[in-house]
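Chains, contacts and geometry: an overview
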Amino acid sequence: DEEFVNYKFKIAVVGEFNTGKSSLINSLIGTNILPEGIIPTTNQIVIIENSLNEEYIEKGNDKLNLTKENVQTANKSDENFKIYTKFKQMEDFVFIDTAGTNDPSRLSSEVVFDLIGNVDIVLFLTSAFQPLKATEIKFLLKLVRKKDIEKFFFIINKEDLKTDVEKIEIRDYILDTLSKEFQENKEELKRQIFLYSAKNAQKDIENSKKLVENINDKMDIVYYEKN
């Protein structure tokens, strides 16, 4: 199917401000273009797409050179924008970054429903220091339909700062919480939960390969379901 061959899988990245979304996207595409710690806005969507040729920012009718400074400038308004850059891996994916807020439930229901309904995968970031805290659970229960939970990968960032025992406890807590709230099978959910270090992945791209492989495996399943 020619349409499917040319199709680019869409990945939405969702999480509260300062959970490491920019670092995660940078590590997955293999290029350090998104600045960290940018000021969050409420409903802004940023699309990051692989470009084989020119690298630039597209905002409305404006076309800007691709620099971190210009990304920061573009981010200062609520207007959506696109980034075209050369991916070093995951070239067949489009990333959709939602601007983090201290309370992700501030994202409008319409924006979230449309986004989750129109992407193939959602990467939901939470911190190893406060995994799935109350505002995050509220966000999931309010705005994620049960049928869409299978699209989610739950990424527990900053695992490099936790001991092996703590990592097991964190993973078990998230598994128990999700299983209870969404009445999902734990064995299925296990494959959707990842301890991750965006910081280390930035230094060594090999650290992001396991997550990349699991995303690709998930897309293989989607491919067979579509055909």
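Report on the accompanying structure. (Residues numbered from 1 in each chain as written. Predicted model: local features only at pLDDT ≥ 70, side-chain atom pairs only at ≥ 80, totals over all residues. Heavy atoms only, no water.)

Right, let's talk about the sheet that holds strand S5 (residues 81-85) for a bit. One open sheet holds the 9 strands; their spatial order is S4-S3-S5-S2-S6-S1-S7-S8-S9, and the pairing between them is mixed. Every other strand in the sheet has two partners, leaving strand S4 (62-65) and strand S9 (193-195) as the edge strands with one partner each. Strand-to-strand twist across the sheet, computed as the mean angle between neighbouring axes with direction ignored, equals 20°. Here strand S2 (residues 45-50) runs beside S5; their pairing, made up of 5 bridges, is parallel. When the bridges of S5 are listed, Ile47 appears paired with Lys82. (Pairing = 2+ DSSP bridges. Helix = DSSP H or I, 4+ residues; strand = E, 2+ residues; numbered from the N terminus. Axes fitted to C-alpha atoms, helices over the stretch in contact; angles between N-to-C directions.)

Counting buried positions along strand S7 (residues 121-127) yields 7 of 7 residues, so the element is predominantly enclosed. Pairing geometry for strand S1 (residues 9-15) and S7, over 5 bridges, is parallel. Its bridge partner lying in S7, Val14 is registered against Phe124. As judged from the 6 bridges shared by S7 and strand S8 (residues 152-157), these two strands associate in the parallel manner. Looking across to S8, one finds that Phe124 is bridged to Phe154. Viewed along the sheet, the connection from S7 through helix H5 (residues 134-143) into S8 turns out right-handed. (Buried < 20%, exposed > 50% of the residue type's maximum accessible area, 1.4 Å probe, protein only. Right-handed = clockwise from strand over helix to strand, strands pointing away.)

In this section: the pattern of salt bridges. The final tally for this structure, using the stated rule, is 9 salt bridges. The residue Lys167 makes a salt bridge to Glu159 at a minimum N-O spacing of 2.8 Å. Here Asp176 makes a salt bridge to Lys186, at a shortest N to O gap of 2.5 Å. Of the two residues, Asp176 sits in helix H6 (residues 164-182) while Lys186 sits in helix H7 (residues 186-190), which places them 10 residues apart along the sequence. Asp176 sits in the partly exposed class, given a relative accessible area of 39%. Taken together, the shared-partner salt bridges in this structure form one network comprising Glu159, Asp164 and Lys167. (Salt bridge = Lys/Arg side-chain N within 4 Å of Asp/Glu carboxyl O.)

Purely spatial values, then, with no claim about function.
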